[in-house]
Amino acid sequence: MSLRHIFKHLTLTSSYGFSTLSHRFIHAPLTLLFTNINPKTQPLIPAETSLPFSHGYTSVTEPQASTLLCPYISVRIQCQKEIADMFSEALMCFGASSTTVDEDNNCDTSKELCIESIFPESEDVDVCISQAADSLGLKEIPSYEVKTGEQYDWIKKTQESFDSIEVTEGLWIVPEWKTPPDVQAMNIILNPGLAFGTGEHPTTRLCLLLLQRLIEGGERFLDYGTGSGILSIAALKFGASLSVGIDIDPLAITSARQNAALNNIGPEKLQLRLVSGNTSSPSIDEQKYDENQSLCEPVVESESEKYDVIIANILLNPLLELADDIVSRAKPGAAIGLSGILSDQLPDIIDRYSPLLDNISVSEMDNWACLSGTKKIILSGS
Amino acid sequence: MSTLKEILTRRPVAATIRLTVPAGGARPAPPVGPALGQYRLNLMAFCKDFNARTQKYKPDTPMAVTITAFKDSTFEFIVKSPSVTWYLKKAAGIESGSSRPGHVMATTLSVRHIYEIAKIKQSDPYCQYMSLESICKSIIGTANTMGIKVVNELD
């Protein structure tokens, strides 16, 4: 019992390690000791017992759409300024998926702060809050109000912040609800929805610039990991004869299809295919999305269907795992571009792809990198 | 620790958001979506950034991330490695610590496990200046509060 008392006391002093940099050196060790410690911590994700270190947890997220649209509980808690920080940490320990502390009303007039916390629907909010208050040694449970979150509220809010972007001279990305600032330039109209690729991110820009250099007219282009479809649409506008976009995320395919329609690109010029990723089980995807997606078939391409230009803007690990797959879809001598990697992840990518590609060149922007090369004409060994 | 220039150009902070997101698994769904969407932050940019930075962790390890949202809809975030208790539970293969630490022992771990955990923790932004030995000591302390005993060799 005394141990717990000490724990509470020390958490009080150590929490400031997070907020004030000057105290970092003194309090961080204690913070390390006591952060997120409680024997009764509910594991936030279902844990598999007796796992050796090398195996990760099973995937938490169910098929994309259901987690996306599942309701969540949002709780607004009033508590005193001094303990707000620790209280958010304690809430996270006991089952909150996120806590937000608003800095807006940080004026001296009120001593109270608002913590907004989001819980998954299955959580018992009252139990969690009382446990959190208990672990901090608060005398009373702070007042709070619970409401169920509306799913589409936050989607709308993020969309509001999109603006027209000029990626390079003569190429603009315009959201659906805005008018293009320069009607003469090449404008790609986009409604990103929930897929990646609005044109703002450095990797998207790097890929667009690469595309501009690579496409001369009439090429077959493969967008590996198409997201919102921005690269496929851009390729067609630059003059490619055919764009194919593939992704493992059904929402991405839906988004890309909408965007193609916005830019008046028909399905014969821009083909979109949903492929099964390694982590998601194909049966679930097909069950839910068969009605909407008629292009769910596994992609098996013959020699004549290989591509002249391939761009893959995903993440480091998929790029390393799928290296053979990506390169095998290209014609010999075809140009391949890879992005979605941080500059310090470059050496790994270069190691993995140097036996497969020639003429490797790298462009960087804002700590993100884009690697481009041409497929070797004769691959050694394969 | 901040320079004068940094203080002068410091942007007004709108909010501090704490989240637990599985490594490499950030998606615009709840909890990320509503928490960030409220402040009009670019969700996909955060997801991409976060996923890229957590590539070196095993997929779906829960990472604590603290996001500072500024009033002009930009943001910065710090990703912290999973908590020591989480690592200890995984290493020992148990779901939760003992209910009465100090009295009831849940399980045992060897110093090798502690050493491995300490190495991972050393790359955490708050621990870089600490010697490996002191990190190990604090991990052992944590293990004690969970009822995990540390022995030299596991038999």
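Here's a quick rundown of the structure.

About the cut-offs
- Residues numbered from 1 in each chain as written.
- Chains lettered and ligands numbered in written order.
- Predicted model: local features only at pLDDT ≥ 70, side-chain atom pairs only at ≥ 80, totals over all residues.
- Heavy atoms only, no water.
- Helix = DSSP H or I, 4+ residues; strand = E, 2+ residues; numbered from the N terminus.
- Buried < 20%, exposed > 50% of the residue type's maximum accessible area, 1.4 Å probe, protein only.
- Contact = heavy atoms within 4.5 Å.
- Areas by Shrake-Rupley, 256 points an atom, 1.4 Å probe, with all protein chains shown as cover.
- Salt bridge = Lys/Arg side-chain N within 4 Å of Asp/Glu carboxyl O.
- Lys, Arg positive; Asp, Glu negative; His and termini not counted.
- Polar contact = N/O pair within 3.5 Å; in protein donor to acceptor, adjacent residues only side chain to side chain.
- Pairing = 2+ DSSP bridges.
- Axes fitted to C-alpha atoms, helices over the stretch in contact; angles between N-to-C directions.
- Left-handed = near helix turned anticlockwise from the far one by under 90°.
- Nonpolar A, V, L, I, M, F, W, Y, C, P; charged D, E, K, R; others polar.
- Phe/Tyr/Trp six-rings, centres within 6.5 Å; stacked < 30°, edge-to-face > 60°.
- Core = buried A, V, L, I, M, F, W, Y, C linked by side-chain atoms within 4.5 Å.

Things to note about the overall build of chain A
Thinking step 1. Secondary structure summary: chain A contains 14 helices and 14 strands in total.
Thinking step 2. Across the 382 residues of chain A, 49% fall into the buried class.
Thinking step 3. Once local pairs closer than 6 in sequence are excluded, the contacts in chain A between residues at least 24 apart make up 64%.
Thinking step 4. As presented, chain A carries roughly 17900 Å² of accessible surface, and 53% of it is formed by carbon and sulfur atoms.

Focus on the overall build of chain B
Thinking step 1. Within chain B, the secondary structure is distributed over 6 helices and 5 strands.
Thinking step 2. Listed by position from the N terminus, the elements making up chain B come as α-β-α-α-β-β-α-β-α-α-β.
Thinking step 3. Among the 155 residues that make up chain B, the fraction classed as buried is 55%.
Thinking step 4. Intrachain contacts of chain B at a sequence separation of at least 6 include 63% that bridge at least 24 residues.
Thinking step 5. Total accessible area on chain B stands at roughly 6900 Å², and carbon and sulfur atoms take up 53% of it.

Things to note about the pattern of salt bridges
Between side chains of opposite charge, pairing is possible as soon as their charged atoms come close.
Thinking step 1. Per the counting criterion, the structure on display carries 6 salt bridges over all chains.
Thinking step 2. One salt bridge connects Lys331 of chain A with Asp308 of chain A, and the closest N-O pair in it is separated by 3.2 Å. In this pair, Lys331 of chain A is assigned in strand 12 (residues 330–342) and Asp308 of chain A in strand 11 (residues 307–313), connecting sequence segments 23 residues apart.
Thinking step 3. Accessibility expressed as a relative area gives 29% for Lys331 of chain A, which makes it partly exposed.
Thinking step 4. Judged by its relative accessible area of 22%, Asp308 of chain A falls in the partly exposed class.
Thinking step 5. A salt bridge links Arg112 of chain B to Glu116 of chain B; the nearest nitrogen and oxygen atoms lie 3.5 Å apart. Highlighted residues: Arg112 of chain B and Glu116 of chain B, both in helix 5 (residues 111–121), separated by 4 residues, approximately one helical turn.

Looking at unusual backbone geometry
A negative phi angle is the norm for most residues apart from glycine, just as the trans form is the norm for most peptide bonds.
Residue and element names in this part refer to chain A.
Thinking step 1. One non-glycine residue, Asp366, lies in positive phi territory at about 55°.
Thinking step 2. Mapped onto the elements of the fold, Asp366 is located in the loop between strand 13 (357–365) and strand 14 (368–375).
Thinking step 3. The phi torsion at Asn367 lies on the positive side, around 80°, for a residue other than glycine.
Thinking step 4. Mapped onto the fold, Asn367 is located in the loop between strand 13 and strand 14.
Thinking step 5. Taking the relative accessible area as the measure of exposure, Asn367 reaches 45% and is therefore partly exposed.

Describing the side chain of Glu219 of chain A
Residue and element names in this part refer to chain A.
Thinking step 1. The residue Glu219 is located in the loop between helix 8 (202–214) and strand 8 (220–224) in this model.
Thinking step 2. Here Glu219 is buried and forms no salt bridge, its nearest opposite-charge partner Lys331 lying at an N-O distance of 9.9 Å.
Thinking step 3. Within the structure, the side chain of Glu219 is placed 3.0 Å from the backbone nitrogen of Gly217, a separation counted as a polar contact.
Thinking step 4. Apart from the residues within four sequence positions on either side, Glu219 is in contact with Leu214, Gly239, Ala240, Ser241, Leu242, Asp308 and Val309.

Details of the sheet that holds strand 1 (residues 72–80) of chain A
Each strand in a sheet pairs with its neighbour through backbone hydrogen bonds, running either in the same direction (parallel) or in the opposite one (antiparallel).
Thinking step 1. In space, the 7 strands of this open sheet follow the order 4(A)-1(A)-3(A)-2(A)-1(B)-2(B)-3(B), with antiparallel pairing throughout. Edge positions in the sheet fall to strand 4 (144–148) of chain A together with strand 3 (75–80) of chain B, since each of these pairs with one other strand and no more. Strand-to-strand twist across the sheet, computed as the mean angle between neighbouring axes with direction ignored, equals 15°.
Thinking step 2. Strands strand 1, strand 2 (98–102) and strand 3 (112–120) of chain A together with strand 1 (13–22) and strand 3 of chain B of the sheet are contacted by helix 5 (residues 81–93) of chain A, whose axis makes an angle of about 150° with strand 1 of chain A.
Thinking step 3. The strands touched by helix 3 (residues 43–53) of chain B within the sheet are strand 1, strand 2 (62–70) and strand 3 of chain B, with strand 3 of chain B carrying the most contacts at an inclination of about 30°.

Examining the pairing of strand 13 of chain A
Residues and elements named next belong to chain A.
Thinking step 1. Taken together, the 7 bridges between strand 13 and strand 14 define a ladder with antiparallel strand orientation. Residue pairing in the sheet places Leu357 in a bridge with Lys375 of strand 14.
Thinking step 2. Connecting strand 13 to the antiparallel partner strand 14 that follows it, the hairpin turn spans 2 residues, and Asp366 within it adopts a positive phi of roughly 55°.

Section: the packing of helix 5 of chain B against helix 6 (residues 132–146) of chain B
What describes two packed helices is the angle between their axes and the distance between those same axes.
Residues and elements named next belong to chain B.
Thinking step 1. Where helix 5 meets helix 6, the axes come as close as 9 Å, and the angle between the chain directions of the two elements is 115°. Taken as a pair, helix 5 and helix 6 cross one another with a handedness that is right-handed. On the side of helix 5, the interface is formed by Ile114, Tyr115, Ile117, Ala118, Lys119 and Lys121, while helix 6 contributes Leu132, Ile135, Cys136, Ile139 and Ile140.
Thinking step 2. Grouping the amino acids of the contact of helix 5 with helix 6 by side-chain chemistry returns 9 nonpolar, no polar and 2 charged.

Side note on the packing of aromatic side chains
All names here are of chain B.
Thinking step 1. Counted under the stated rule, the structure contains 4 aromatic pairs over all chains.
Thinking step 2. Between Phe46 and Phe50, the ring centres sit 5.7 Å apart and the planes meet at 25°, which makes this aromatic pair stacked. Separated by 4 residues within a single helix, Phe46 and Phe50 lie in helix 3, roughly one turn from each other.
Thinking step 3. Residue Phe50 is classed as buried on the basis of its relative accessible area, which comes to 0%.
Thinking step 4. Through a chain of ring-to-ring contacts, the aromatic side chains of Phe46, Phe50, Phe75 and Phe77 assemble into a single cluster.

Here we look at the nonpolar core
Residues and elements named next belong to chain B.
Thinking step 1. One finds Leu19, Leu36, Phe46, Ile67 and Leu88 to be the most contacted residues of the largest nonpolar core, which totals 43 residues.
Thinking step 2. Looking at this core, the elements with two or more residues in it are strand 1, helix 2 (32–37), helix 3, strand 2, strand 3, helix 4 (84–92), helix 5 and helix 6.
Thinking step 3. Ranked by the residues each element gives to this core, the list is headed by helix 4, at 6 residues.
Thinking step 4. With residues near it in sequence (within four places) discarded, Leu88 still touches Leu109, Ile114, Ile117, Ile139, Thr142, Ala143, Met146 and Ile148.

Side note on helix 9 (residues 230–238) of chain A
All names here are of chain A.
Thinking step 1. Most of helix 9 is tucked away: 8 of the 9 residues are buried.
Thinking step 2. By the burial criterion, the buried members of helix 9 are Ile230, Leu231, Ser232, Ile233, Ala234, Ala235, Leu236 and Phe238.
Thinking step 3. Positive phi appears at Gly239, one or two residues downstream of helix 9, with a value of about 125°.

Considering the sheet that holds strand 12 of chain A
Thinking step 1. Overall, mixed pairing links the 7 strands, which are arranged 10-9-8-11-12-14-13 (chain A) in an open sheet. The open sheet terminates on both sides in strands that have one partner only, identified here as strand 10 (270–274) and strand 13 of chain A. On average, adjacent strands in this sheet sit at an angle of 15° to one another, irrespective of strand direction.
Thinking step 2. Judged from the 7 bridges that link them, strand 12 of chain A and strand 14 of chain A form a sheet pairing that is antiparallel. Bridging from a neighbouring strand, Leu342 of chain A pairs with Trp368 of chain A of strand 14 of chain A.
Thinking step 3. Here helix 3 of chain B sits on the sheet in contact with strand 11, strand 12 and strand 14 of chain A, set at roughly 95° to strand 12 of chain A.

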